[in-house]
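Descriptive structure summary
Next come the chains, spelled out residue by residue.
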Amino acid sequence: MRTSQPRTIYLSEYRVPAFLVDHVDLRFELFENGARVHSTLTVRRNPEYPGVAEHLELDGDSLKLESVSLDGIELGADRYQDQGDKLVVQAVPDKFGLNVVTWIEPQNNTRLEGLYKSSGMFCTQCEAEGFRCITFFPDRPDVMARFRTRVEADREKYPVLLSNGNDVDRGELADGRHFVTWEDPFPKPCYLFALVAGDLVLKQDTFTTCSGRDIDLRIYVEARNAAKCDHAMDSLKRSMRWDEEVYGREYDLDIFMIVAVDDFNMGAMENKGLNIFNSSCVLASPETAADTAFQRIEAIVAHEYFHNWSGNRVTCRDWFQLSLKEGFTVFRDAGFSADMGSPTVKRIEDATLMRTAQFAEDAGPMSHPVRPSSYMEISNFYTLTIYEKGAEVVRMIHTLLGPELFRKGSDLYFERHDGQAVTTDDFVKAMEDASGRDLGQFRLWYEQAGTPLLTVRDDFDSEAGIYRLTIEQAIPDSPGQTSKNPQHIPFALGLLGADGTDLPLRLFADENDAPSERVLELTAARHEFEFHGLSERPVPSLVRGFSAPVRVDYPWTREQLIFLMNHDGDGFNRWDAGQRLAVDVIQALIRGDEEGVDERLVEAYRSLLSDPSLDQALVAKMLQLPSEAYLVELADSADAQAIHGARTRVLDCLAQALRGELLECYRRNGDDGSYQLTPEAIAARSLRNTALSWLLHIGDREACGLAQTQFQDAGNMTDRMGALRALVNSCFVTEREAALNDFYQCWQDDPQVVEQWFSVQAASLQAGTLNHIRELLAHPAFDWKNPNKVRSVIGVFAGQNLAQFHQADGSGYIFLAEQVCRLDDSNPQIAARLVSPLTRWRKFAEPYGGKMKQALASVRDKEGLSKDVFEIVHKSLKE
Ligand code: B3K
Ligand code: ZN
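The numbering scheme is per chain: residues are counted from 1 as the chain's sequence reads. Chain letters and ligand numbers both follow the written order, the letters beginning at A and the numbers at 1. With pLDDT at 70 or above as the cut-off, local features in this predicted model cover only qualifying residues; side-chain atom pairs require 80 or more to be listed or tallied, and sums for whole chains, interfaces and linings still use all residues. Computation of side-chain values: all heavy atoms of the structure, hydrogens and water removed.

With that out of the way, let us pick up the site of ligand 1. One heavy atom within 4 Å of a molecule or strand makes the whole residue count as near it. By nearness alone, 13 residues border ligand 1, and Glu127, Ala268, Glu270, Glu304 and Tyr387 come closest of all. Contacts described as polar in this section are N or O atom pairs within 3.5 Å, which, within protein, must combine one atom able to donate a hydrogen with one able to accept it, while residues neighboring in sequence count only if both atoms come from side chains. Side-chain polar atom of Glu270 to a nitrogen atom of ligand 1: 2.8 Å apart, as the coordinates give it. Take Glu326: an N or O atom from its side chain is 3.0 Å from an oxygen atom of ligand 1. Only strand 20 (268–269), helix 2 (291–306) and helix 3 (322–340) provide two or more residues apiece to the shell around ligand 1. For the shell around ligand 1, the residue count by class is five nonpolar, three polar and five charged. The helix count covers DSSP runs of H or I at least four residues long, the strand count covers runs of E at least two residues long, and both are numbered beginning at the N terminus. For this classification, the nonpolar set comprises Ala, Val, Leu, Ile, Met, Phe, Trp, Tyr, Cys and Pro, the charged set comprises Asp, Glu, Lys and Arg, and every other residue, Gly included, is treated as polar.

Following this line, the structure appears as structure tokens:
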């Protein structure tokens, strides 16, 4: 067990830095057995610091200190203390140059923070606190400096040497070594520093900015991936244009670089001018990547690019403000993706992620506000709350202000704070100042955790023609927060007449030209709204477009839901009505209230399948049954096997009843041989693969033949994987084994495809048994040091395979606890991510909950537990 508890850091303890660094001069000598880092800092006292700091304190982690010099004079050991995590230089003058030389071992760095090696190349990851693993430095985002970086390495092994900014010098050195010097003219916090050294090929393009400057765009990859860069490059160019058009933001350096690395803890990183990407988030070809991967790549390339303004030019004052850059940038990338594809589908995907995973986080032991007030390990706070709820909060500001005033606000924000490190409050203030709106109460969205619950009730006075809607809001308690205040919630509403059209929403009897949709602003615990001049009781369409990240409790009847599915003018709410209907049917089966599957659900799905005149992108989404994870989230005390059983029964029933329609849908959406990424083409692939999977789910022989043919002949990975997934989840054992073997034989040299091969098995009800998962861990292609492999087997099994993970004997939990402990030693960030399914133990019924808790306790008791896992496990076990 850990002997000391890690320290908690509080927002209330924030103080401006005592010293500022104007300039950083770095020299890296890279060798096979380590790297020597020479750092020269130009330091001065911060005039805004209250009081006088005698000593300079720099952060460090796992560094071997070789020397310290002040203004060119080497300091004796009596002038400084190397405390491991701090270097304290005593009695420093007001202004000075400090030179520090450290030795590090990138080749042994398995945490993948700081400087490390991946597939033979050197690369870095500094956010949030990785720079301190490279050299001693004030590692906090409000210290912004200009960096000059010289990289020296063996020329043959590392022909490409990169860092931030522009390359200003290069040359040969003795012993077959060479160097390149990079200079970044923009002051930046050290978390945006990056370095890459490797044997990489370059894919190049140009972008001409709105002011006519030519930007040199470069994607660096290993030679074997040279043919997989086109989609990322196109996405980058589209992002650059979009940010100019929608936000008026022009790129500011002459070069923009992206590098793909195989071993990476997360998706990608927005280092200034030198984005580093997880290979799986940048490389794609139609043969090797599915539609979802293409869309993810487009979104992540855009996200990292957009950070150049929202994050880099204007950065965070401290890590409590993380959502300042992440929430805003997710909001920006969501707008981009909506514009590039189907806005309704994008909204459905975002709302699904919120309602399934973020609401769960918000109701669990790690629940925290969008601007947290304390943390132990900042890496644990790169959460759905910071990113996705943070984006929803910005989206609500956009809804309240309207697009023009929002744009005025973002212009003001960028102009006012360019080159600064600021807070979420500064962001809201800019929005207020530009719009004249008071967002005082709205700020509670940043301060209060928990998902508001809106209880909506209505009645209709047929004589007076008045429809009354009462809305009450309540925000549940969360760790450290009780008795919360009502929040300012934009509530988009429509009312449908019996003919399915939107009725005018008259707030007073003689209101002319009343709109057919209104955004009601909720600010109190209870509101009552009256709508006049109605001749019939309307069907309400509530929180259209998921206008706020809230839960809604309204006593919908199944008739109303079917009506909304067919008629709601808001595409999102049509989808939502279908989801609510399916949830209602599944929950009735779980409770045992109903014997069989309601015929009306079957008929609703029959109409979806049979009417090609409907928006097929929306239909493709509507056909997806609510996920097991969502059903868990909706349950008070989740019985994993009962949830799985009921959902499976509904799927069986739909597939049996709609066999003819499914075969017809499959044929109608056949592959025309071209691979396009339009919403229509994506929908067609989704529809044919959904049809196939449903038919294989009920063991349909004819469909098994179709799947085998599709698997063999597919011209793209979406269809090949669709067929493989259907086979792997089916009862056709021989066919499934043959397809899995075939697939591996064909793609074993492509790590990104092998990851998909692992995932499809780890998620499978048939193939994903615990024994099989253990076999996958022993497979030669599995690699404990590669986060993508770990996620594709262990992460998928524990996070997506409800029925196999939640075994009543607790074997799935014990397995996960073992793997978390194993990974905790080599890569704590990944271990802390993986443990999360166990933290939800309170949500599950017995015997699951109790056994999950036991497994969690076994992780808590591990020797030398990392700070990352410590924080999560202790918070989850707290009474
Ligand atoms: N800013 C990075 C995430 C860094 C995570 C550090 N543990 C990627 C992004 O959100 O764009
Ligand atoms: Zn980001």
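The strands making up a sheet associate through backbone hydrogen bonding, with each pair oriented either parallel or antiparallel. Taken in spatial order, the eight strands of this open sheet run 6-5-9-3-2-12-15-14, and their pairing is mixed. Pairing within the sheet leaves two strands with one partner each, and these edge strands are strand 6 (73–74) and strand 14 (166–172). The pairing criterion for strands is at least two bridges between them, as found by DSSP.

Glancing now at the coordination of the zinc ion (ligand 2). With water excluded from the atoms, a metal site may look incomplete; its donors are any N, O or S atoms within 2.8 Å, or within 3.2 Å for Na, K and Ca. Here the zinc ion (ligand 2) is held by the protein donor atoms His303 (NE2), His307 (NE2) and Glu326 (OE), which lie 1.9 to 2.1 Å from it. Each donor residue of the zinc ion (ligand 2) belongs to the same chain, with the gaps between them written as H-x3-H-x18-E. Taken together, the residues span a long stretch of sequence, with His307 in the loop between helix 2 and strand 22 (315–316) and Glu326 in helix 3 at a distance of 19 residues.

The interhelical angle for the contact between helix 9 (residues 558–567) and helix 10 (residues 571–591), taken along N-to-C directions, is 150 degrees, at an axis separation of 7 Å. Comparing their axes, helix 10 and helix 9 come out roughly antiparallel. As for how helix 9 packs across helix 10, the hand of that crossing is left-handed. Residues Arg558, Leu561, Ile562, Leu564, Met565 and Asn566 of helix 9 lie in contact with helix 10, whose contacting residues are Arg574, Ala577, Gly578, Arg580, Leu581, Asp584, Val585 and Ala588. Of the residues contributing to the contact of helix 9 with helix 10, the split by class is eight nonpolar, two polar and four charged. For helices, the fitted axis covers only the stretch in contact; all axes are lines through C-alpha atoms, and the angles between them, taken along N-to-C directions, range from 0 to 180 degrees. For classification, angles of less than 35 degrees are called roughly parallel, those exceeding 145 degrees roughly antiparallel, those between 65 and 115 degrees roughly perpendicular, and all remaining angles oblique. We call a crossing left-handed when the near helix sits turned anticlockwise from the far one by less than a right angle, and right-handed when that turn is clockwise. For this analysis, residues touch if any pair of their heavy atoms sits within 4.5 Å.

Quick look at helix 5 (residues 384–401) now. Spanning 18 residues, helix 5 covers 25 Å between terminal C-alpha atoms, matching the ideal 26 Å at 1.5 Å per step. Throughout, bend refers to the angle between the axes fitted to the seven residues that end at a position and the seven residues that start at it. Where helix 5 bends most, at Gly390, the angle is about 25 degrees. Taking burial as the measure, the 18 residues of helix 5 include 13 buried ones, the bulk of the element. Gly402 lies just past helix 5 and shows a positive phi near 85 degrees. Here the expected span of a helix is defined as 1.5 Å times the quantity of residues minus one. Each residue's exposure class comes from its accessible area (1.4 Å probe, protein chains only) as a fraction of the maximum for that residue type: buried when under 20%, exposed when over 50%, partly exposed otherwise.

Time to look at the UniProt feature "domain: Peptidase M1 alanyl aminopeptidase Ig-like fold" (unreviewed entry) in the protein. UniProt positions are given in the numbering used here, feature names are shortened, and annotations may be inferred rather than shown by experiment. According to UniProt, the "domain: Peptidase M1 alanyl aminopeptidase Ig-like fold" (unreviewed entry) feature falls on residues 450–554. Note that residues 450–554 is 0% helix and 42% strand, and that its end C-alpha atoms are spaced 20 Å apart.

What follows concerns the UniProt feature "domain: Peptidase M1 alanyl aminopeptidase C-terminal" (unreviewed entry) in the protein. What UniProt calls "domain: Peptidase M1 alanyl aminopeptidase C-terminal" (unreviewed entry) maps, in this numbering, to residues 559–878. What you have in residues 559–878 is 71% helix and 0% strand, and the ends, taken at the C-alpha atoms, are 44 Å apart.

Now for the environment of Glu528. Tracing the backbone shows Glu528 in strand 29 (residues 526–531). Between the alpha carbons of Glu528 and Ser323 there is a distance of 33 Å; along the sequence they are 205 residues apart. Other than its neighbours up to four places away in sequence, Glu528 contacts Arg468, Leu469 and Thr470.

The alternating pattern of strand 16 (residues 195–198) places Leu195 and Ala197 on one face and Val196 and Gly198 on the opposite face, and all of these are buried. Bridge count between strand 11 (residues 121–125) and strand 16: two bridges; the pairing is antiparallel. Within the sheet, the bridge partner assigned to Phe122 lies in strand 16 and is Ala197. Two strands pair when backbone bridges link them, and strand 13 (residues 160–163) and strand 16 are joined in this way by four bridges, in the antiparallel orientation. Bridging from a neighbouring strand, Ser163 pairs with Leu195 of strand 16.

Two elements, strand 2 (residues 19–31) and strand 3 (residues 34–45), share twelve bridges in a ladder whose sense is antiparallel. By the bridge assignment, Leu26 is partnered in strand 3 with Ser39. The turn linking strand 2 back onto strand 3 is made up of two residues. Examined bridge by bridge, strand 2 and strand 12 (residues 145–154) share seven bridges and lie parallel to one another. Its bridge partner lying in strand 12, Phe28 is registered against Val151.

In this description, a nonpolar core means a group of buried Ala, Val, Leu, Ile, Met, Phe, Trp, Tyr and Cys residues linked to one another through side-chain atoms lying within 4.5 Å. Ranked by internal contacts, the top residues of the largest apolar core, which has 289 residues, are Leu30, Phe427, Phe491 and Phe531. Of all the elements, helix 10 adds the most residues to this core, at nine residues. The residue makeup of this core includes at least three contributed by each of domain 1 (1–199) and domain 2 (560–877). In contact with Phe491, other than residues within four places in its own chain, are Leu454, Val456, Ile471, Arg518, Val519, Leu520, Leu522, Leu542, Val543 and Ser547. Residue ranges assigned to the domains are those given by an automatic or database domain assignment.

To continue, consider the side chain of Glu244. Inspection of the secondary structure puts Glu244 in helix 1 (residues 230–247). By relative accessible area, which is 10% here, Glu244 ends up buried. Discounting chain neighbours no more than four positions away, the residues touching Glu244 are Phe207, Thr209, Cys210, Arg249 and Glu250.

Here the focus is the domain arrangement of the protein. Here the domain parsing of the protein yields domain 1 (1–199) and domain 2 (560–877). One C-alpha centre belongs to domain 1, the other to domain 2, and the line joining them spans 43 Å. Each side of the interface is counted separately: domain 1 has eight residues, and domain 2 has 15 residues. Accessible surface is computed with a 1.4 Å probe, and the buried area is the amount of it that two parts give up when combined, taken over both parts together. Summing the contributions of domain 1 and of domain 2, the shared interface buries around 980 Å²; its carbon and sulfur component is 57%. Throughout this description, the term salt bridge denotes a Lys or Arg side-chain nitrogen within 4 Å of a carboxyl oxygen of Asp or Glu. Taken together, the connections running from domain 1 to domain 2 amount to zero salt bridges. At the junction of domain 1 with domain 2, the criterion picks out three residue pairs in polar contact (both at pLDDT 80 or more). Looking at side-chain class alone, the side of domain 1 that touches domain 2 contains three nonpolar, two polar and three charged residues.

So, on to the pattern of salt bridges. Per the counting criterion, the structure on display carries 84 salt bridges. Note that Glu66 is salt-bridged to Arg36, the shortest N-O span being 2.7 Å. Within this pair, whereas Glu66 is found in strand 5 (residues 64–70), its partner Arg36 is found in strand 3, the two being separated by 30 residues in sequence. The shortest N-O distance in the salt bridge between Arg518 and Glu511 comes to 2.5 Å. Residues Arg518 and Glu511 agree in their burial class; the two are buried. A single salt-bridge network, built from bridges that share partners, covers Arg27, Glu29, Arg36, Glu66, Arg150 and Glu152.

Turning our attention to the packing of aromatic side chains. A pair of aromatic rings is counted whenever rings of Phe, Tyr or Trp (Trp by its six-membered ring) have centres within 6.5 Å, and the orientation is called stacked for planes under 30 degrees apart, edge-to-face for over 60 and tilted otherwise. The tally for this structure, following the rule as stated, stands at 43 aromatic pairs. With a centroid separation of 5.8 Å and an interplanar angle of 85 degrees, the aromatic rings of Phe306 and Phe336 are classed as edge-to-face. Of the two residues, Phe306 is situated in helix 2 and Phe336 in helix 3; the sequence distance between them amounts to 30 residues. The exposure class of Phe336 is buried, given its relative accessible area of 0%. An angle of 80 degrees between the planes, with centres 6.1 Å apart, marks the rings of Phe328 and Tyr413 as edge-to-face. One end of the pair, Phe328, is in helix 3; the other, Tyr413, is in helix 6 (residues 403–417), with 85 residues separating them in the sequence. You can call Tyr413 buried: its relative accessible area is 1%. We call a charge positioned above a ring when the Lys NZ or Arg CZ atom is no farther than 6 Å from the ring centre and deviates by at most 35 degrees from the ring normal. Seen from the ring of Phe179, Arg150 lies directly overhead, with NZ or CZ sitting 3.9 Å from the centre. The ring centre of Tyr247 lies 4.6 Å from the NZ or CZ of Arg332, which sits over that ring.

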